[in-house]
Number of protein chains: 2
Amino acid sequence: MRIIFADDHEVVRHGLRFYLERLADDVEIVEAGTFEEAFAKAIDGPPPAMILLDLRLPDIQGMDGLERMRARFPRVPTVVLSGDLSQIRIKEALNRGAAGYLPKTLGGKAMLRALELVMAGETFVPSLALDEGNGTAGDYDPTAPLSSLTPREREVLSHLIEGRANKEIARALDIKEITVKVHLTKLFRKLKATNRTQAVRIALDHGFSA
Amino acid sequence: MRIIFADDHEVVRHGLRFYLERLADDVEIVEAGTFEEAFAKAIDGPPPAMILLDLRLPDIQGMDGLERMRARFPRVPTVVLSGDLSQIRIKEALNRGAAGYLPKTLGGKAMLRALELVMAGETFVPSLALDEGNGTAGDYDPTAPLSSLTPREREVLSHLIEGRANKEIARALDIKEITVKVHLTKLFRKLKATNRTQAVRIALDHGFSA
DNA sequence: TTATGTCTCATACCTTAGTATGGCAACGTT
DNA sequence: AACGTTGCCATACTAAGGTATGAGACATAA
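Quick summary incoming for the structure in this document. (Residues numbered from 1 in each chain as written. Chains lettered and ligands numbered in written order. Predicted model: local features only at pLDDT ≥ 70, side-chain atom pairs only at ≥ 80, totals over all residues. Heavy atoms only, no water.)

This part is about the overall build of chain A. Along chain A, the regular secondary structure elements total nine helices and five strands. The N-to-C order of helical and strand elements in chain A reads β-α-β-α-β-α-β-α-β-α-α-α-α-α. Among the 210 residues that make up chain A, the fraction classed as buried is 50%. Nonlocal contacts in chain A, meaning residues at least 24 apart in sequence, comprise 64% of its contacts between residues at least 6 apart. Surface accessibility of chain A: about 9900 Å² in total, with carbon and sulfur atoms responsible for 50%. (Helix = DSSP H or I, 4+ residues; strand = E, 2+ residues; numbered from the N terminus. Buried < 20%, exposed > 50% of the residue type's maximum accessible area, 1.4 Å probe, protein only. Contact = heavy atoms within 4.5 Å. Areas by Shrake-Rupley, 256 points an atom, 1.4 Å probe, with all protein chains shown as cover.)

Further remarks concern the sheet that holds strand 1 (residues 2–6) of chain B. Strand pairing in a sheet relies on backbone hydrogen bonds. The paired strands run either parallel or antiparallel. Residue and element names in this part refer to chain B. Pairing within the open sheet is parallel, and its five strands lie in the order 2-1-3-4-5. The sheet is open, and its two borders are formed by strand 2 (28–32) and strand 5 (100–103), each paired with just one other strand. Going from strand to strand, the sheet's axes swing by 20° on average, the running direction of each strand aside. Sheet strands in contact with helix 2 (residues 35–43) are strand 1, strand 2 and strand 3 (50–54), and its direction is about 165° off that of strand 1. (Pairing = 2+ DSSP bridges. Axes fitted to C-alpha atoms, helices over the stretch in contact; angles between N-to-C directions.)

Let's shift gears to the protein's contact with DNA strand C. Among the 17 residues in the neighbourhood of DNA strand C, the closest are listed as T150, R152, K176 and H183 of chain A together with K167 of chain B. Among atoms of DNA strand C positioned within 4 Å of the protein, sugar and phosphate together represent 64%. Separating a phosphate oxygen of DNA strand C from a side-chain N or O atom of R152 of chain A is a distance of 2.6 Å. In the environment of DNA strand C, a phosphate oxygen lies 2.7 Å from a nitrogen or oxygen atom belonging to the side chain of K167 of chain B. Tallied by class, residues from the surface near DNA strand C come to six nonpolar, six polar and five charged. (Near = heavy atom within 4 Å. Polar contact = N/O pair within 3.5 Å; in protein donor to acceptor, adjacent residues only side chain to side chain. Nonpolar A, V, L, I, M, F, W, Y, C, P; charged D, E, K, R; others polar.)

The subject of this paragraph is the environment of I29 of chain A. Residue and element names in this part refer to chain A. Here I29 is to be found in strand 2 (residues 28–32). Its relative accessible area of 13% is what places I29 among the buried residues. Apart from the residues within four sequence positions on either side, I29 is in contact with I3, R17, L20 and E21.

Its rotation angle being 180°, the transformation that places chain A on chain B also includes 0.1 Å of axial translation and leaves an RMSD of 0.3 Å. Each copy turns onto its partner about a two-fold axis. Identified as the residue of chain A closest to the rotation axis by C-alpha distance is G15 of chain A, at 1.9 Å. A symmetric contact is evident, with 100% of the interface residues of chain A recurring at the interface of chain B. (Least-squares fit on C-alpha atoms with pLDDT ≥ 70 in both.)

Taken together, 17 residues lie near DNA strand D, and K167 of chain A together with T150, R152, K176 and H183 of chain B sit nearest. Atoms of DNA strand D within 4 Å of the protein belong to the sugar or the phosphate in 68% of instances, the rest to bases. In the environment of DNA strand D, a phosphate oxygen lies 3.4 Å from a nitrogen or oxygen atom belonging to the side chain of T185 of chain A. Those elements that provide at least two residues to the surface near DNA strand D are helix 7 (166–173) and helix 8 (177–191) of chain A together with helix 6 (151–161) and helix 8 (177–191) of chain B.

In a soluble, globular protein the nonpolar side chains are often hidden away together inside. In terms of nonpolar packing, the biggest core is built from 45 residues, with L20, L102 and L115 of chain A together with L16, L20, L102 and L115 of chain B touching the most fellow members. When near neighbours in sequence (up to four residues on either side) are disregarded, L16 of chain B contacts V11 of chain A together with F5, L52, L81 and M111 of chain B. Membership of the second largest hydrophobic core comes to 38 residues, among which are A193 of chain A together with L149, I169 and L187 of chain B. (Core = buried A, V, L, I, M, F, W, Y, C linked by side-chain atoms within 4.5 Å.)

Here the structure, examined in full by the defined rule, presents four aromatic pairs over all chains. For the pair F35 of chain A and F39 of chain A, a centre-to-centre distance of 5.6 Å together with 25° between the ring planes defines the contact as stacked. One end of the pair is F35 of chain A and the other is F39 of chain A, both in helix 2 (residues 35–43) and four residues apart, which spans about a single turn. Here the two residues F35 of chain A and F39 of chain A agree in accessibility, since each one is buried. The interplanar angle of 85° and the centroid separation of 5.3 Å between the aromatic rings of F18 of chain B and Y19 of chain B together place this pair among those described as edge-to-face. In this structure F18 of chain B comes out as partly exposed when scored by relative accessible area, which is 31%. Since its relative accessible area comes to 5%, Y19 of chain B is described here as buried. When the ring centre of F18 of chain A is taken as reference, the NZ or CZ atom of R22 of chain A above it lies at 4.0 Å. (Phe/Tyr/Trp six-rings, centres within 6.5 Å; stacked < 30°, edge-to-face > 60°. Lys NZ or Arg CZ within 6 Å of the ring centre and 35° of its normal.)

Any functional reading would require information beyond the geometric quantities listed.
Next up, the structure:
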């Protein structure tokens with residue numbers, strides 16, 4: 001039984017391997033420090049029984065890795081591993097087909113049980129995801145704020161996060177300042193921000209990178 | 001030989017324990033998930049030979065934990081553990097007497113060697129800290145930007161990070177808007193920011209919380 | 001083809017942010 | 001008592017941010 005496991009921290013890989021080895025007798029753990037490495041190893045060899053993906057890998061941003069894995073291995077349960085506990089990201093991952101969302105804070109026995117659950121074909125949802133108690137367990141919020149942004153808006157946002165002024169952004173993108181403002185107004189609406197500073201905060205909270 | 005080890009992620013504790021056990025024959029590893037737990041366990045019992053502190057613990061912010069440990073156990077090497085590789089934080093930790101700064105990305109053998117180094121009374125400085133090549137190994141930047149803030153400035157900064165407008169901040173603190181501006185101008189100078197958005201970015205980068 | 005979405009820019013307008021300079025009061029240190 | 005720091009406020013000003021509305025160019029999907 002092959003398990004692909006990508007995390008850029010060796011300590012974490014070492015720690016989690018302890019649990020993975022206890023999942024079955026014939027476990028083969030394939031470790032990777034980057035997404036591309038994990039992807040290559042997943043393709044090259046027998047089909048994996050489970051894929052574990054850290055959300056913060058050096059060569060991908062956000063949920064892209066999850067989506068690529070899902071596209072290539074639609075029937076293999078893919079579990080997202082993260083230190084981030086924000087409800088938004090949990091929902092986002094589950095919406096994109098993750099078979100589970102494992103907080104790194106999860107205790108030993110809970111971690112093992114969660115992994116067994118996933119191997120059994122279930123979806124593991126950390127209790128935090130339902131804290132806000134707004135409905136049945138099934139209806140994850142389909143509005144992942146960051147994913148609704150257009151490429152240009154993303155680009156503007158990245159400059160925003162660097163603290164650049166509209167004028168500077170305009171120069172960098174070779175467009176007029178007023179156009180930057182238009183992008184920003186739309187950006188704020190999508191992120192439910194009322195100003196640029198709030199937008200930066202929200203974007204960083206939701207794991208924006210790049 | 002007692003080693004105190006605080007990290008809120010069980011996986012990390014498990015992973016690092018593997019290396020710690022290999023440091024000597026009679027190693028007793030005392031794990032803790034919070035700073036207070038670690039502090040209590042450190043005091044209660046024989047003096048520890050080494051203290052390992054994650055920078056992001058639920059009950060402390062920033063370098064406070066390091067300082068408290070240093071104050072109570074000035075002769076015990078205290079190593080900071082972090083996933084954050086920013087030069088600023090490395091320098092800040094070393095300035096406050098840390099015996100080393102261990103990135104969680106550190107590979108197995110390197111991790112072991114770094115720990116041995118510290119146990120031998122040396123200071124482990126990750127190579128990243130010196131990347132900018134500005135001088136000899138000894139001159140860490142003494143300007144920890146966040147620590148130079150006054151209490152009021154911190155308070156203003158916390159509102160800033162929430163994306164609140166000057167007017168709102170003024171109302172929240174029950175002072176005039178112009179006073180908020182004065183605080184901000186000083187804040188920007190200390191953080192080397194040119195506007196509020198940049199200040200938020202810098203503060204978050206440097207691990208500001210509260 | 002029509003419709004939809006993205007990106008661009010414009011005019012007009014108002015609000016907010018930020019700087020410079022200086023004064024006043026409270027507090028703790030030397 | 002003199003000093004430094006912090007915190008509060010003021011006037012005056014310039015610069016930047018943000019909204020509303022409309023419109024043309026382009027590409028792509030229905």
